[in-house]
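The primary structure of each chain is shown beneath.
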Amino acid sequence: MSDEFLLVTENLSKRYGKNVLAVDNVNLHIKKGAIYGLIGRNGAGKTTIMKMISGMAIPTSGSYTYSGFNGTAEEALGRVGALIESPAIHPKMTAYDNLKIKCLAYGIGDKAYINEKLKLVGLENTGKKKAGKFSLGMKQRLGIAMALVGEPDFLLLDEPINGLDPQGIVELRELIARLNAEKGITILISSHILEELAKLATDYAIIDKGRIVEESTKEELKMKCRDKIVIKAADTSAIVPIIDSKGYTDYQVISNNTIYIFERLDEVAALNMEIAKAGILVDSINVESSDLEEYFLMVTGTAAGVQN
Amino acid sequence: MLMNFTKSELFRVSRMKSAYVLPIIMIITVMFTSLMYMGVNKNVIGIEEEDLDNVSSSGLTVDDMSDSVELGFNAGSGISEDGTVEGEDEEEDKSFFGEGLWYNRSTDFMFYANVKGLDALLLLSIFVGLFCGAIHNTGMDKNNLLASGHKNTLYAARAITIGLYTLFFHFVTFAATILGVAIFGKSVRFVEGIGFVKYFVLSFILTYAFSMVIMLVGTFLKSQAAAITVGIILAAGVLTVLISFIDLFIKKVLKLEKINLANVTLTQRLSLLNYNSSTASIIRTLLVCAVVFTVVTLVHVFINRKRDLC
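A brief report on the enclosed structure follows. In this text the structure is predicted, and so the values were computed from the model without any measurement.

With that settled, consider the environment of B:Ala156. Position of B:Ala156 among the secondary structure elements: in helix α9 (residues 151-184). Spatially, the C-alpha atom of B:Ala156 lies 8.3 Å from that of B:Thr6, the residues being 150 residues apart in sequence.

And the structure:
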């Protein structure tokens, strides 16, 4: 495994019972220092992937490897912090006591350390208020504080912005960005709120029905989401020389059937005529623009089509 | 790591209200037992100490004795056919408080009576059910597991924590017994010597084994309510009838005369254990506990290996 990556999964699969394949041969490549966004609908398999790579669920098949950790896999897991599904907090205890339970498990009994973590997530003034009385946002922040105990190198955040109000979302986003920038923590964050992920993530994986449909960097995804001329034809290889001859340089052959052209978008009619002159029939040629959400729907729609 | 987990779990126990309330209930129970048998005038109860001893030595529990005492009350206040209260003309001291049936008994005898009452098992079931139930209710293992990746270490830490709490509870019963005897008895004295220490340790091991069974139920069913319910069923002896039926079936239908299931249950061992227990009986008790600890541990290891955390 390359030193570039903190975590690589290899054909990771999880089956529940005989009929439910929650995760199907997933291969993730998470770079050190990245904020890796796992995009998928509810039930796509995001949480199950997180549970497996944090040791909470046993993979049915496949494996995962952490690099940069010395020692055994158990020690590697000790360098992981996680907030998966709802925060695991004791509702009848204070934020301080909840953190203390986790700290003691890590061999940390320092009061100042606990207070520092509470301050980091803005819960330093909760006093004797029981965690069960916290708002959803406060509970999420307490969950993150607990995930940060032991100074992890890798943080797993499963739908952390679910149920938060706009201000809470902004605060959480700033906190995650700060943790990544200041402490160098690699973060795997899942969400189905793509707009928020787009503001944070440096890398993405789109997951649908337990399978990774696409893995790309922010730049690659930006490129795919740009306004573009989309040409669909039975065989695009014959079209490429025409595009070249017309001086287009910023284009991408997506597949045997699809070409994206990212420049001179107002010349689509002229380009269509040139292709027709060469005796090539296109199925469609038009200008498309999409944001991340549209792109996600398009990609997962295709994936569903393939599976069907 | 085991030490860290144990500290963490002990801290969790220290924040559980039930960890304080249940010992208080135990103290109150022991105090009432002492009051009943040492501080209520035996003439009012109307049962002879020898009769109560017979009940006691027959292997029944304090609850059984309580029934007998109740009978004694009824007998003592019985009204004859001509409408006169029986024994009315006797000149015995009939004041309610006074020297009770066990007024002169030793502290170790009262400790034995309190342990045999199985009230501690009932209260410990509630504690262990709440302690283990919180693990599943909160999903806290998601936090703990990441500290080491060793589910079995976590199990060991919990087993140690429950053991320490059970020991604490046993000492609470002991301390409450001393207090009860000091208040309602003649004097605090120990007559069994090393036998008391032996009984204390053995009854603790049996109680601990019982707590571990409740822990297993809580883990296996992932349910606080189930653990507490099973604990109460076992401690209250509800299964006695079922076990007796199985024993009867084994003896009469399968013709296996020597097998006696009732004899190897934890509650029965605790009821039968006394200061005069034979070596064979003690060994049988230890064997039953060893089997329980082994089975509970193996099932936990199996669950840890097969089951996802959440």
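Having seen the model, we can carry on.
Time to look at the interface of chain B and chain A. Of the residues lining the interface, 29 residues belong to chain B; the matching set on chain A comes to 32 residues. Across the chain B to chain A interface the summed buried area is about 2,400 Å²; carbon plus sulfur atoms make up 61%. Among the ionic pairs, B:Arg15 bridges to A:Asp97, the shortest N-O distance being 2.7 Å. Inspection of the region where chain B meets chain A yields 2 residue pairs in polar contact (both at pLDDT 80 or more). Taken together, the elements giving at least two residues each to the side of chain B that touches chain A come down to α1 (2-14), α7 (119-138), α8 (141-145) and α14 (279-306) of chain B. In terms of residue count, α1(B) provides more of the side of chain B that touches chain A than any other element does, 6 residues in total. Residue classes in the side of chain B that touches chain A are distributed as 10 nonpolar, 10 polar and 9 charged.

Let's shift gears to the sheet that holds strand β12 (residues 251-253) of chain A. Paired through backbone hydrogen bonds, the strands of a sheet run either parallel or antiparallel to each other. Residue and element names in this part refer to chain A. Taken in spatial order, the 4 strands line up as β12-β13-β11-β14 in an open sheet, and their pairing is antiparallel. If you trace the sheet from one side to the other, it starts and ends with β12 and β14 (282-288), each paired once. Between one strand axis and the next, the sheet turns through 15° on average, direction left out of account. Across the sheet, helix α10 (residues 268-277) is in contact with β11 (228-233), β13 (258-261) and β14; its angle to β14 comes to roughly 160°.

This part covers the sheet that holds strand β7 (residues 154-158) of chain A. Residue and element names in this part refer to chain A. With respect to topology, 6 strands assemble into an open sheet ordered β6-β7-β8-β4-β9-β10, the strand pairing being mixed. The open sheet has two edge strands with one neighbour each: β6 (80-83) and β10 (211-217). Going across the sheet, the axis of each strand differs from the next one's by a mean of 15°, ignoring polarity. Pairing of β7 with strand β8 (residues 186-191), which is carried by 5 bridges, proceeds in the parallel orientation. Counterpart to Phe 154 in the pairing with β8 is Thr 186. Contacts between helix α5 (residues 136-147) and the sheet are confined to β6 and β7, with β6 contributing the most and set at about 165° to the helix.

Here we take up the pattern of salt bridges. Residues and elements named next belong to chain A. If you walk through the whole model with that rule in mind, you get 15 salt bridges over all chains. With a closest N to O distance of 3.5 Å, Lys 117 and Glu 116 form a salt bridge. Using a relative accessible area of 1% as the deciding quantity, one classes Lys 117 as buried. Since its relative accessible area comes to 40%, Glu 116 is described here as partly exposed. One connected set of salt bridges, linked through shared partners, spans Glu 116, Lys 117, Glu 151 and Lys 183.

Looking at soluble globular proteins, one finds that nonpolar side chains tend to be buried together. All names here are of chain B. Within the largest apolar cluster, 65 residues are counted, with the highest numbers of intra-cluster contacts made by Trp 102, Phe 111, Phe 127, Tyr 165, Phe 169 and Leu 266. In terms of residues, this core owes the most to one element, helix α10 (residues 194-221), which gives 13 residues. Tyr 165 has contacts with Val 13, Ser 18, Ala 19, Leu 22, Pro 23, Leu 124 and Phe 127, leaving out every residue within four places of it along the chain.

Turning our attention to the packing of α9(B) against α14(B). All names here are of chain B. In the contact formed by α9 and α14, the axes pass within 9 Å of each other and the chain directions differ by 145°. Handedness of the α9/α14 crossing: right-handed. Across the interface between the two elements, Lys 151, Asn 152 and Tyr 155 from α9 touch Val 296, Thr 297, His 300, Val 301 and Asn 304 from α14. Across the contact of α9 with α14, the residue classes break down as 3 nonpolar, 4 polar and 1 charged.

What counts and how
- Residues numbered from 1 in each chain as written.
- Chains lettered and ligands numbered in written order.
- Predicted model: local features only at pLDDT ≥ 70, side-chain atom pairs only at ≥ 80, totals over all residues.
- Heavy atoms only, no water.
- Helix = DSSP H or I, 4+ residues; strand = E, 2+ residues; numbered from the N terminus.
- Contact = heavy atoms within 4.5 Å.
- Buried area = accessible area lost by both parts, 1.4 Å probe.
- Salt bridge = Lys/Arg side-chain N within 4 Å of Asp/Glu carboxyl O.
- Polar contact = N/O pair within 3.5 Å; in protein donor to acceptor, adjacent residues only side chain to side chain.
- Nonpolar A, V, L, I, M, F, W, Y, C, P; charged D, E, K, R; others polar.
- Pairing = 2+ DSSP bridges.
- Axes fitted to C-alpha atoms, helices over the stretch in contact; angles between N-to-C directions.
- Buried < 20%, exposed > 50% of the residue type's maximum accessible area, 1.4 Å probe, protein only.
- Core = buried A, V, L, I, M, F, W, Y, C linked by side-chain atoms within 4.5 Å.
- Left-handed = near helix turned anticlockwise from the far one by under 90°.

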